[in-house]
Amino acid sequence: QLAESGGGLVQAGGSLRLSCAASGRTFSSYAMGWFRQAPGKEREFVSGISWSGAYRNYANFVKGRFTISRDNAKNTAYLQMNSLKPEDTAVYYCARAKAGISDSPKAYDYWGQGTQVTVSS
């Protein structure tokens, strides 16, 4: 089970840190991903991190602004979001990868309920 937190309302240029808490003992064995979905749009890949944290991928539209990380001792993944833009407004989801990092939602088998991020201009 995955549970996101940390979303909220922020002004453009601000920052938020999302957390994804996982239950169970196998968190450290899996790559994790963050996705987002805006109203009327498909769910899109934001960032992914390997099980060890050694490898990280980012969508082009967040490179240099967002940072993904994980703490396997705490069973938690994070997404630090800086320089937020109104177009970053969406529900953000964390998910557990079936295998390695992928930008396809089909490559993930467990999802959190999502946390709303709203960026005002």
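Residues numbered from 1 in each chain as written. Predicted model: local features only at pLDDT ≥ 70, side-chain atom pairs only at ≥ 80, totals over all residues. Heavy atoms only, no water.

A word on the sheet that holds strand β8 (residues 76-81)
Two pairing modes exist for strands in a sheet, parallel and antiparallel, and in both the strands are linked by backbone hydrogen bonds. Across the sheet, 4 strands lie side by side as β1-β3-β8-β7; this open sheet has antiparallel pairing. Each edge of the sheet is formed by a strand with only one pairing partner; in this case those strands are β1 (2-5) and β7 (66-71). Looking at each pair of strands side by side, their axes are set apart by 15° on average, direction ignored. One ladder, built from 4 bridges, connects β1 with strand β3 (residues 16-22); its direction is antiparallel. If you follow L2 over to β3, its bridge partner there is A22. (Pairing = 2+ DSSP bridges. Helix = DSSP H or I, 4+ residues; strand = E, 2+ residues; numbered from the N terminus. Axes fitted to C-alpha atoms, helices over the stretch in contact; angles between N-to-C directions.)

Comments concerning the side chain of T76
Within the fold, T76 resides in strand β8. Looking at T76, its side chain comes within polar contact range of the main-chain oxygen of K74, at 2.8 Å. In contact with T76, not counting residues within four places along its chain, are S19, C20, A21, F27, R70 and D71. (Polar contact = N/O pair within 3.5 Å; in protein donor to acceptor, adjacent residues only side chain to side chain. Contact = heavy atoms within 4.5 Å.)

A look at the state of the cysteines
Scanning the entire structure with this criterion turns up 1 disulfide. The side chain of C20 participates in a disulfide bridge whose partner is C94; the two sulfur atoms lie 2.0 Å from each other. Between C20 and C94, the disulfide has an S-S torsion of 65° and is therefore right-handed. With C20 in strand β3 and C94 in strand β9 (residues 90-97), this residue pair connects regions lying 74 residues apart in the sequence. (Disulfide = S-S within 2.5 Å.)

Concerning the packing of aromatic side chains
Per the stated rule, a full pass over the model turns up 5 aromatic pairs. Ring geometry for F35 against W111: centres 5.1 Å apart, planes inclined by 55°, an arrangement best described as tilted. With F35 in strand β4 (residues 32-37) and W111 in strand β10 (residues 108-111), the pair connects residues that are 76 residues apart, well separated along the chain. In this structure an aromatic cluster arises from ring pairing among F35, F45, Y93, Y108 and W111. Above the face of the W111 ring, R43 is positioned so that its terminal group lies 4.8 Å from the ring centre. Positioned above the aromatic ring of Y30 is the side chain of R96, whose terminal nitrogen or guanidinium carbon lies 3.8 Å from the ring centre. (Phe/Tyr/Trp six-rings, centres within 6.5 Å; stacked < 30°, edge-to-face > 60°. Lys NZ or Arg CZ within 6 Å of the ring centre and 35° of its normal.)

Observations concerning the environment of Q37
With respect to the helices and strands, Q37 occurs in strand β4. Accessibility expressed as a relative area gives 26% for Q37, which makes it partly exposed. The sequence separation of Q37 and S19 amounts to 18 residues, and the corresponding C-alpha distance is 17 Å. In this structure the side chain of Q37 is engaged in a polar contact, spanning 3.3 Å, whose partner is the side chain of R43. (Buried < 20%, exposed > 50% of the residue type's maximum accessible area, 1.4 Å probe, protein only.)

Description of the pairing of β8
Every other side chain in a regular strand lies on the same face of the sheet, so the side chains alternate between the two faces. For β8, the tally of buried residues reaches 5 of 6 residues, placing the bulk of the element in the interior. Where β3 lies against β8, 6 bridges are found, and the strand directions are antiparallel. Bridge pairing links A21 to T76 in β8. Relative to β8, β7 runs antiparallel, the two being bridged by 6 bridges.

What is shown is where atoms sit, not what they do.
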